[in-house]
Amino acid sequence: MSDAETAQPEQHPSHRPIFSFSRRSGRLTEGQLNSWNTLGPKYLVDVERAELDFSVSPSFRVDPAELFGRDAPLIVEVGSGTGEAVVAAAAEHPEWNFLAVEVFVAGLARTLRRIEDAGLPNVRLVEANAVEVLEHMLPAGSIEELWIFFPDPWHKAKHTKRRLVREGFGAVAANALRPGGRMRLATDWEDYAFQMREVLDAAPEFTSEHPSEWAPRFDGRTLTVFERKAAKAGRRIHDLSYVTAE
Ligand SMILES: C[S@@+](CC[C@H](N)C(=O)[O-])C[C@H]1O[C@@H](n2cnc3c(N)ncnc32)[C@H](O)[C@@H]1O
């Protein structure tokens, strides 16, 4: 078995896997439900599941060119929340394809509405655990850039093992990126930033674009409500940027 196959999710001592999210209430407002029902078929990937409702069957594959109806560089945002960042970026870069991965259904419903209102043909959404999307759904080498902005910090010591960027994640991410592809990360939790740097510096598949430093703020990341709040609360935003070997 490759590292990518064994890396995620880790097993809990009870043999339950450890996920980087706790599934919030799936309840939607009437407007969100309407977006889900009317826009879902247009933009949401129809995922073949394994056991859990946010899982991806190990045999399920998607051809990005077929999904978007064209061949273009693919940007994947993991944990896209309400879609503020991905929709702004997709509007700015009509020449790229964008796939937003999220498990928070109300966030996805809001993203659907944003895409439709902006009239964007270059965004698709997937309701699933991103690790399984990277491992199974997307072909190896298919992603140009992988974006992870403000992942859940799991800041209590007993929870840090739930963080998305932990040992093993580098292999999963690198496998889905094209050779010479890039992973951009940002977090407002300093100790998570150090963890990201430690994990990814140790991943043989990746090279830091700013060794021993933080990357400059990625100016392709729209300033979201989330980032603004973190900055207002006095938390410094750390950016990181890594590339895979050509
Ligand atoms: C703190 S929020 C940040 C959302 C957004 N990036 C922003 O900046 O506003 C993190 C998001 O990542 C999602 N998430 C966490 N782990 C995930 C996973 N393994 N797969 C898909 N989504 C995940 C959560 O549901 C949550 O909406």
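Predicted model, so just to flag it, every value in this text is computed and none were measured.

About the thresholds
Residues numbered from 1 in each chain as written. Predicted model: local features only at pLDDT ≥ 70, side-chain atom pairs only at ≥ 80, totals over all residues. Heavy atoms only, no water. Helix = DSSP H or I, 4+ residues; strand = E, 2+ residues; numbered from the N terminus. Buried < 20%, exposed > 50% of the residue type's maximum accessible area, 1.4 Å probe, protein only. Contact = heavy atoms within 4.5 Å. UniProt positions renumbered as here; feature names shortened; annotations may be inferred. Polar contact = N/O pair within 3.5 Å; in protein donor to acceptor, adjacent residues only side chain to side chain. Salt bridge = Lys/Arg side-chain N within 4 Å of Asp/Glu carboxyl O. Expected span 1.5 Å × (residues − 1). Bend = angle between axes of the 7 residues up to and from the residue. Phe/Tyr/Trp six-rings, centres within 6.5 Å; stacked < 30°, edge-to-face > 60°. Lys NZ or Arg CZ within 6 Å of the ring centre and 35° of its normal. Near = heavy atom within 4 Å. Areas by Shrake-Rupley, 256 points an atom, 1.4 Å probe, with all protein chains shown as cover. Nonpolar A, V, L, I, M, F, W, Y, C, P; charged D, E, K, R; others polar. pLDDT = per-residue confidence, 0-100.

Visitor: Is there a simple way to think about the side chain of Ser57 in this case?
Guide: If you trace the backbone, Ser57 turns up in the loop between α2 (30-43) and α3 (64-68). Owing to a relative accessible area of 8%, Ser57 belongs among the buried residues under this scheme. Those residues within four positions of Ser57 in sequence are excluded, and the remaining contacts are Glu48, Arg49, Ala50 and His136.

Visitor: Hey, could you run me through the UniProt feature "binding site: S-adenosyl-L-methionine" (unreviewed entry) in the protein chain in this one?
Guide: As recorded in UniProt, the sites labelled "binding site: S-adenosyl-L-methionine" (unreviewed entry) are Glu77, Glu102, Asn129 and Asp152. In terms of the greatest pairwise C-alpha distance, the residues named above, spread along 76 residues, form a tight cluster of at most 13.9 Å across. Apart from residues lying up to four places away in sequence, Glu102 is in contact with Gly79, Ser80, Gly81, Leu108, Val126, Glu127 and Ala128. Among the polar contacts made by the side chain of Glu102, one reaches the main-chain amide nitrogen of Phe104 at a distance of 2.9 Å.

Visitor: Is there a simple way to think about the pattern of salt bridges in this case?
Guide: Working definition: two side chains of opposite charge can pair if their charged atoms are close together. By the definition in use, this model includes twelve salt bridges. Of the charged contacts in the structure, one is a salt bridge between Glu227 and Arg217, with a shortest N-O distance of 3.0 Å. You can see Glu227 sitting in helix α9 (residues 225-232) and its partner Arg217 sitting in the loop between β6 (206-208) and α9, a full ten residues away along the chain. Note on Glu227: relative accessible area 3%, which makes it buried. Among the ionic pairs, Asp239 bridges to Arg221, the shortest N-O distance being 2.7 Å. In this pair, Asp239 sits in strand β7 (residues 238-244) while Arg221 sits in the loop between β6 and α9, placing the two residues 18 residues apart along the sequence.

Visitor: Help me understand α2, please; the structure alone is not making it clear to me.
Guide: Given 3.6 residues per turn, any residue in an α-helix points the same way as the ones three and four places further on. Under the 1.5 Å per step criterion, the end-to-end length of α2 is 19 Å for 14 residues, consistent within 8% with the ideal 20 Å. At Asn37, α2 shows its largest kink, close to 35 degrees, and the proline Pro41 lies no more than four residues downstream. Lining the buried residues of α2 we find α5 (105-118) and β3 (123-127).

Visitor: What am I meant to see in the packing of aromatic side chains here?
Guide: The way to describe two aromatic rings as a pair is by their centre distance and the angle between their planes. The full count for this structure, using the stated rule, is eleven aromatic pairs. Arranged with centres 6.3 Å apart and planes meeting at 85 degrees, the rings of Phe206 and Tyr242 form a pair that is edge-to-face. Here the residue Phe206 occupies a position in strand β6, and Tyr242 occupies one in strand β7, the gap between them amounting to 36 residues. Each member of the pair, Phe206 as well as Tyr242, carries the same accessibility label: buried. Arg162 extends its terminal NZ or CZ atom over the ring of Trp154, reaching a point 4.2 Å from the ring centre. For Arg163, the ring lying beneath its charged end belongs to Tyr192, and the centroid distance is 4.5 Å.

Visitor: For this particular structure, what's the right way to read the site of the ligand?
Guide: Neighbouring the ligand are 16 residues, the closest being Ser20, Gly79, Glu102, Ala130 and Phe149. Residue Glu102 places a side-chain N or O atom 2.6 Å away from an oxygen atom belonging to the ligand. A distance of 2.9 Å separates a nitrogen atom of the ligand from a polar side-chain atom of Asn129. Considering the ligand on its own, with 600 Å² of exposed area, one finds that the protein chains cover 90% of that surface. Residue classes in the shell around the ligand are distributed as eight nonpolar, four polar and four charged.

Visitor: Help me understand the UniProt feature "binding site: substrate" (unreviewed entry) in the protein chain, please; the structure alone is not making it clear to me.
Guide: Sites flagged by UniProt as "binding site: substrate" (unreviewed entry) map to Lys156, Asp188, Thr224, Val225, Phe226 and Glu227. Sequence-wise these annotated residues cover 72 residues; spatially they are dispersed, their C-alpha atoms as much as 24.6 Å apart. Within the secondary structure layout, Lys156 lies in the loop between β4 (143-149) and α7 (169-176). By secondary structure assignment, the location of Phe226 is in helix α9. Excluding residues that lie within four positions of it along the chain, Phe226 makes contacts with Phe150 and Asp188.

Visitor: Is there a simple way to explain the confidence of the model for the protein chain in this structure?
Guide: Detailed reading of the predicted model is not advised wherever pLDDT is low. Within the protein chain, residue pLDDT values average 94, and 93% of them lie at 70 or more. Of the regions scoring below 50 in pLDDT, residues 1-7 engages in eight contacts with residues more than four places distant in sequence or in other chains.

Visitor: So what exactly am I meant to see when it comes to the environment of Val105 here?
Guide: Relative to the helices and strands, Val105 resides in helix α5. Taking the C-alpha atoms as reference points, Val105 and Ala230, separated by 125 residues in sequence, lie 23 Å from one another. Non-local contacts of Val105, meaning those with residues more than four positions away in its chain, are made with Arg23, Leu28, Trp36 and Glu127.

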